[in-house]
Amino acid sequence: MIAFTFALPEESQDFVKLLPDRRCVGARDFVGKIGEIEVLVAHTGVGLTSAAERVRELLETHSPTQLITAGYAGGLDPKLRIGDLVFSTNFSTPALLEFAHAQFAATPRVHFGGLTSQSVVADSIAAKTRLSRESSALAVDMETAAIAAECAAANVPLLSVRVISDAAGDPLPVPMERWFDLQKQRPRILSLLTFLVTHPSRIAPFTRFVRALAPARHRLTETLSALSTHL
């Protein structure tokens, strides 16, 4: 079995559709097949703590032969655009990274480089600039470091691939704490609507941000499908 992890179902929704005979396991996870390969799609929640706990549980329960962690990431390198893919060179197992490099290195807008995981979202240009300078990473997320630690402890090979959802020069249009409750791991719909009503200048940027997620997610899904077919 190959495990695929995403922070939230919004990130995995296109990939889950590739599993026509999927069955639910637990509250939000699925098991199915791509070709002859059994696949688990699991959701870790947002943040390092939630990711560590969730991945530790799934490794014990399902014993996957390898794990691919995927989802959105914020760009730190100014050259990266929304929809670009980043394979993490600092968290991925060398053998899986070598395989991914052989498959995708010549593909346009695919990058291999460092990824940094942070406990606080980088929602401003200043925060992204600082992280870029301090880490030299191409992109930032909030889960991969914890997932990598759990996989290393369980001796499970890991491949990390992320798609850029917001570029280095793009601040997030809505602060994360206004639309997602990290402690309860659920969206804050009323808080989001209240913020947009009281900050009407943020409505257009937020709309553009949301619309850009679908093609980015589709590109990530295509890559994951190709990976699962060849692994």
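The text that follows walks through the structure, step by step, so that each part is easy to find. (Residues numbered from 1 in each chain as written. Predicted model: local features only at pLDDT ≥ 70, side-chain atom pairs only at ≥ 80, totals over all residues. Heavy atoms only, no water.)

1. Remarks on the nonpolar core
Phase 1: The biggest cluster of nonpolar side chains holds 29 residues, and the ones touching the most others in it are Phe87 and Leu224.
Phase 2: Here Leu224 is in contact with Phe4, Phe6, Phe15, Ile68, Ala70 and Val161, once residues within four sequence places are set aside.
Phase 3: Ala52, Phe91, Ile147 and Leu158 belong to the second-largest nonpolar core, a separate cluster that totals 25 residues. (Core = buried A, V, L, I, M, F, W, Y, C linked by side-chain atoms within 4.5 Å. Buried < 20%, exposed > 50% of the residue type's maximum accessible area, 1.4 Å probe, protein only. Contact = heavy atoms within 4.5 Å.)

2. With respect to helix α2 (residues 48–62)
Phase 1: Counted at 1.5 Å a residue, the expected span for α2 with its 15 residues is 21 Å, and the 21 Å between its end C-alpha atoms agrees.
Phase 2: Residues Ser50, Ala51, Ala52, Arg54, Val55, Leu58 and Leu59 constitute the buried set of α2.
Phase 3: Those residues of α2 that are buried lie in contact with β1 (2–6), β3 (29–34), β4 (37–43), β5 (66–75) and α5 (144–154).
Phase 4: Positive backbone phi, approximately 50 degrees, marks Ser63, located one or two places after α2. (Helix = DSSP H or I, 4+ residues; strand = E, 2+ residues; numbered from the N terminus. Expected span 1.5 Å × (residues − 1).)

3. A word on unusual backbone geometry
Generally, phi is negative for residues other than glycine and the peptide bonds are trans, each holding for most cases.
Phase 1: Of note in this structure, Ser63 is not a glycine but carries a positive phi near 50 degrees.
Phase 2: Mapped onto the fold, Ser63 is located in the loop between α2 and β5.
Phase 3: Looking at Ser63, the relative accessible area reads 52%, which means it is exposed.
Phase 4: A positive phi angle is found at Ser136, which is not glycine, with a value near 60 degrees.

4. Quick look at the pattern of salt bridges
Phase 1: Inspection of every chain in the model, using the stated rule, returns 11 salt bridges.
Phase 2: Between Asp29 and Arg54 there is a salt bridge, with the nearest N and O atoms lying 1.7 Å from each other. Here Arg54 lies in helix α2 and Asp29 lies in strand β3, a separation of 25 residues in the sequence.
Phase 3: The residue Arg56 makes a salt bridge to Glu150 at a minimum N-O spacing of 2.9 Å. Separated by 94 residues along the polypeptide, Arg56 in helix α2 and Glu150 in helix α5 bring together distant segments of the chain.
Phase 4: Taking the relative accessible area as the measure of exposure, Arg56 reaches 37% and is therefore partly exposed.
Phase 5: The network of salt bridges with shared partners includes Glu10, Asp14 and Arg217. (Salt bridge = Lys/Arg side-chain N within 4 Å of Asp/Glu carboxyl O.)

5. With respect to the side chain of Ser92
Phase 1: In this fold, Ser92 is placed in the loop between β6 (85–88) and α3 (94–104).
Phase 2: Looking at Ser92, the relative accessible area reads 8%, which means it is buried.
Phase 3: Here the side chain of Ser92 touches Ser88 through a polar contact of 2.7 Å, landing on its backbone oxygen.
Phase 4: Of the polar contacts made by the side chain of Ser92, one reaches the backbone nitrogen of Ser160; its length is 3.0 Å.
Phase 5: Setting aside chain neighbours within four positions, we find Ser92 in contact with Leu97, Leu158, Leu159 and Ser160. (Polar contact = N/O pair within 3.5 Å; in protein donor to acceptor, adjacent residues only side chain to side chain.)

6. Re the pairing of β3
Phase 1: Burial within β3 is extensive, with five of its six residues counted as buried.
Phase 2: Sheet analysis places strand β2 (residues 23–25) next to β3, joined by three bridges and oriented antiparallel. Note that in β3 the partner of Val25 across the bridge is Asp29.
Phase 3: In sequence, β2 turns back onto β3 through a hairpin of three residues, with Gly26 there showing a positive phi of about 75 degrees.
Phase 4: Two strands pair when backbone bridges link them, and β3 and β4 are joined in this way by five bridges, in the antiparallel orientation. (Pairing = 2+ DSSP bridges.)

7. Let's talk about helix α4 (residues 125–135)
The periodicity of an α-helix, 3.6 residues per turn, causes residues three or four positions apart to be oriented the same way.
Phase 1: Of all the positions in α4, only Ala127, Lys128 and Leu131 are classed as buried. Down the axis of α4, the sector holding all buried residues measures 95 degrees, keeping them to one side. Across α4 from its buried face, at more than 90 degrees, point the exposed residues Ala126 and Arg133.
Phase 2: Phi turns positive, to about 60 degrees, at Ser136, one or two residues after α4. (Arc of directions from axis to C-beta.)

8. Looking at the packing of aromatic side chains
Phase 1: Within this structure, the stated rule accounts for five aromatic pairs.
Phase 2: Ring centres of Phe6 and Phe15 lie 6.1 Å apart, and the angle between their planes is 45 degrees; on these two criteria the pair is classed as tilted. Side by side, Phe6 and Phe15 carry an identical accessibility label, which is buried.
Phase 3: For Arg22, the ring lying beneath its charged end belongs to Phe30, and the centroid distance is 6.0 Å. (Phe/Tyr/Trp six-rings, centres within 6.5 Å; stacked < 30°, edge-to-face > 60°. Lys NZ or Arg CZ within 6 Å of the ring centre and 35° of its normal.)

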